[in-house]
Structures are given as C-alpha cells and as structure tokens.
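Structure at a glance
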Amino acid sequence: DARVTQTPRHKVTEMGQEVTMRCQPILGHNTVFWYRQTMMQGLELLAYFRNRAPLDDSGMPKDRFSAEMPDATLATLKIQPSEPRDSAVYFCASGPPGGYTFGSGTRLTVV
Amino acid sequence: AQSVTQLDSQVPVFEEAPVELRCNYSSSVSVYLFWYVQYPNQGLQLLLKYLSGSTLVKGINGFEAEFNKSQTSFHLRKPSVHISDTAEYFCAFSGGYNKLIFGAGTRLAVHP
C-alpha cells in the first residue's frame, strides 16, 4: 500500500533550536497538508499546498514556522526557534480531493 | 464560516451495543465528508467518505454514515461495537479550495 512517510518519528530538542520535519507524500498526490495535534487544541491545520504552491498558511505562527515543498516528493515544516509550547504531534497528509492519507506523525518534544 | 461540530466529546457504550457518533457541518459550498479513526499513538485512518451519489456510505470495520443535506449532518453508526473499536473518531469535510477541516473528535469507549 502507498503511504505518506514522515521523518523523524520522534524528536526531542532544546528550546531555541531549529527543528525540521519532513514528509514524503504519495506519488501523484497534488495536495499536501500539515496539521498539529495537541490535547488542548485538537487537530489544527497549519498549512496546505496544491501542486507545490502554498494555498493557506494562516494557521501557522509566521514568526517561527515555515512550510515549503521544494519538490513534489518532499514537504518540510520548520520551526525556528522552537519553544516548549510547540510540543505536539505533527501530521502530514496528502491526496487528491476526496481521499486524503495521513502519515504516522512526528512527535515533537521541546524541553 | 466553514466548520465541523461533533456533538459528543465522549461516548461510552457496552460491547455489542449499537452506537451513533454525531457530526454537523457548516458550509456554503458543496462538500466532501469524511470520518477518520485514530487509535492511541497512531495516525488517522480513513473510515469512510461521502463524495456524491448515495447518501448512505459504508466503510471499513462495519461502520456506515448517512449524509443529510437538509440537516447538514453526517452521523456515523455501527450496529454492534467491539472492544477494538475504542478510539478517537474525527469527522471532517473538504469544501472550498479543498481545505480539509476537522471536528474536535469523539472518544468512543467500548466497555465489556
């Protein structure tokens, strides 16, 4: 089965450090989403792309977060500098409209 | 504004009993509707989806959902639940620009 691959699965970092999370969408999927999941806020949409172009990143704190798709096989989410409140599970999803597949997530802990 | 409301944050139920998880949405455009399931420490798995056609859709693990346009609802049902159905269930829709919007989730707890 085709799957969305996220790396790393787990990341522990110190406050102030840069964090980069990567997502390999399923080949041929033209829409890619980044979500953040916490107990308090649930699933928050951070950003999404279609055909590598950003459509909406209004859910992202602009001063520290950035999302890019350097090519069709890679999406990245960067946090610089990281803060303890960024601790969460970050999910990537890809698909055509009507069928989105999620990756297993990156569990980020900022200490 | 586009939004999804899951009316119950938690639903306790006994094994082999029927269950309904409720979902309402708000959108001014046509939508695609989804239910996802999340088991502890795992990602989200698609249970079923409504894109068009028959308003009753069947998914994996014996779940089904009915799209009701007049009531803007997409409730999830299962006639007989198992312990293994204990999980978090998310309703979602994709509307304008195919933005995928999730509800807050419903925790289904199946008791023996």
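Shown above is the structure to which this text applies.
Residues numbered from 1 in each chain as written. Chains lettered and ligands numbered in written order. Predicted model: local features only at pLDDT ≥ 70, side-chain atom pairs only at ≥ 80, totals over all residues. Heavy atoms only, no water.

Points about the overall build of chain A
The following threshold applies: Labels follow the DSSP assignment, with helices taken as runs of H or I lasting at least four residues and strands as runs of E lasting at least two, numbered in each case from the N terminus. Throughout, radius of gyration means the C-alpha value; the globule benchmark is 2.2 Å times the number of residues raised to the power 0.38. Three exposure classes are used, based on accessible area relative to the maximum for each residue type with a 1.4 Å probe and protein chains only: buried under 20%, partly exposed in between, and exposed over 50%. Contact definition: two residues touch when any of their heavy atoms are within 4.5 Å. For the area figures, the Shrake-Rupley method with a 1.4 Å probe applies, and any residue is considered shielded solely by the protein chains shown. Working convention for charge: Lys and Arg count positive, Asp and Glu count negative, and His plus the chain ends are omitted. By convention, the charge on Lys lies at NZ, on Arg at CZ, on Asp at CG and on Glu at CD.
Across its full length, chain A carries zero helices and eleven strands. Helices and strands appear in chain A in the N-to-C order β-β-β-β-β-β-β-β-β-β-β. In terms of C-alpha radius of gyration, chain A reaches 13 Å, essentially the compact-globule figure of 13 Å for 111 residues. Expressed as lengths along the three principal axes of its C-alpha atoms, the size of chain A is roughly 35 × 25 × 25 Å. Among the 111 residues that make up chain A, the fraction classed as buried is 47%. The long-range fraction of contacts in chain A, counting pairs at least 24 apart against all pairs at least 6 apart in sequence, stands at 52%. In the form shown here, chain A has an accessible surface area of approximately 5,500 Å², with 49% of it arising from carbon and sulfur atoms. Charged side chains in chain A number 12 positive and 11 negative. The centres of these two groups are separated by 4 Å.

Concerning the sheet that holds strand β3 (residues 19-24) of chain A
Strands in a sheet are paired, the pairing made by backbone hydrogen bonds, and the direction either parallel or antiparallel. All names here are of chain A. Our working definition: Pairing between two strands is assigned when DSSP locates at least 2 bridges connecting them. Helix axes use the C-alpha atoms of the stretch in contact, all axes being lines fitted to C-alpha atoms, and the angles between their N-to-C directions lie in the range 0 to 180 degrees.
One open sheet holds the four strands; their spatial order is β1-β3-β8-β7, and the pairing between them is antiparallel. This sheet does not close on itself; its edge strands, each paired only once, are β1 (5-7) and β7 (65-71). Between one strand axis and the next, the sheet turns through 20 degrees on average, direction left out of account. Judged from the five bridges that link them, β7 and strand β8 (residues 74-79) form a sheet pairing that is antiparallel.

Quick look at the packing of aromatic side chains
For any pair of aromatic rings, the description rests on two quantities: the centre-to-centre distance and the angle between the ring planes. Our working rule: Only centres within 6.5 Å qualify two rings of Phe, Tyr or Trp (six-membered ring in Trp) as a pair; their planes then separate them into stacked at under 30 degrees, edge-to-face at over 60, and tilted for everything else.
All chains considered together, the criterion is met by 16 aromatic pairs over all chains. Measuring from centroid to centroid gives 6.0 Å for Y25 of chain B and F93 of chain B, while their planes differ by 45 degrees, and the two rings are tilted. Separated by 68 residues along the polypeptide, Y25 of chain B in strand β4 (residues 23-26) and F93 of chain B in strand β10 (residues 87-94) bring together distant segments of the chain. Accessibility classification places Y25 of chain B together with F93 of chain B in one group, the buried group. Both rings, one in Y36 of chain B and one in F102 of chain B, keep their centres 5.7 Å apart while their planes meet at 55 degrees; by these two values the pair is tilted. Linking Y36 of chain B in strand β5 (residues 32-38) with F102 of chain B in strand β11 (residues 100-102), this pair joins segments that are 66 residues apart in sequence. Across this residue pair, the class does not change: Y36 of chain B and F102 of chain B are buried. Clustering of aromatic rings is evident, with ring pairs tying together F33, Y35, Y48, F91, Y100 and F102 of chain A together with F34, Y36, F90 and F102 of chain B.

Details of the side chain of E88 of chain B
Residues and elements named next belong to chain B. Operational definition: Under the rule applied, a polar contact is a pair of N or O atoms within 3.5 Å (in protein, one hydrogen donor and one hydrogen acceptor; residues adjacent in sequence only if both atoms are side-chain atoms).
For E88, the position within the fold is in strand β10. For E88, a relative accessible area of 12% translates into the label buried. In terms of polar contacts, E88 uses its side chain to reach the side chain of R107, at 2.8 Å. When near neighbours in sequence (up to four residues on either side) are disregarded, E88 contacts Y36, V37, Q38, A104, G105, T106 and R107.

Looking at the state of the cysteines
All names here are of chain A. Selection rule: Pairs of cysteine sulfur atoms within 2.5 Å are identified as disulfides in what follows.
Applying the stated rule across the entire model yields two disulfides over all chains. Linked covalently through their sulfurs, C23 and C92 form a disulfide whose S-S length is 1.9 Å. Between C23 and C92, the disulfide has an S-S torsion of -60 degrees and is therefore left-handed. Note that C23 is positioned in strand β3 and C92 in strand β9 (residues 88-95), a separation of 69 residues in sequence. Assessed through its relative accessible area of 1%, C23 is described here as buried. Taking the relative accessible area as the measure of exposure, C92 reaches 0% and is therefore buried.

Regarding the interface of chain A and chain B
This is how it is decided: Summed over both partners, the accessible area (1.4 Å probe) lost when two parts come together is defined as the buried area. Salt bridge, as applied in this entry: a Lys or Arg side-chain nitrogen positioned within 4 Å of an Asp or Glu carboxyl oxygen.
Taken together, the contact between chain A and chain B spans 18 residues of the former and 18 residues of the latter. Here chain A packs against chain B, burying approximately 1,500 Å² in sum over the two surfaces, 57% of which is carbon and sulfur. Our count for the chain A to chain B interface comes out at one salt bridge. K99 of chain B is the partner of D56 of chain A in a salt bridge, and the nearest nitrogen-oxygen pair spans 2.8 Å. Summed over the shared surface of chain A and chain B, the number is five residue pairs in polar contact (both at pLDDT 80 or more). Going through the elements one at a time, β4 (31-38), β5 (42-50) and β6 (53-56) of chain A are the ones with two or more residues in the side of chain A that touches chain B. Residue contributions to the side of chain A that touches chain B peak at four residues, all from β5 of chain A.

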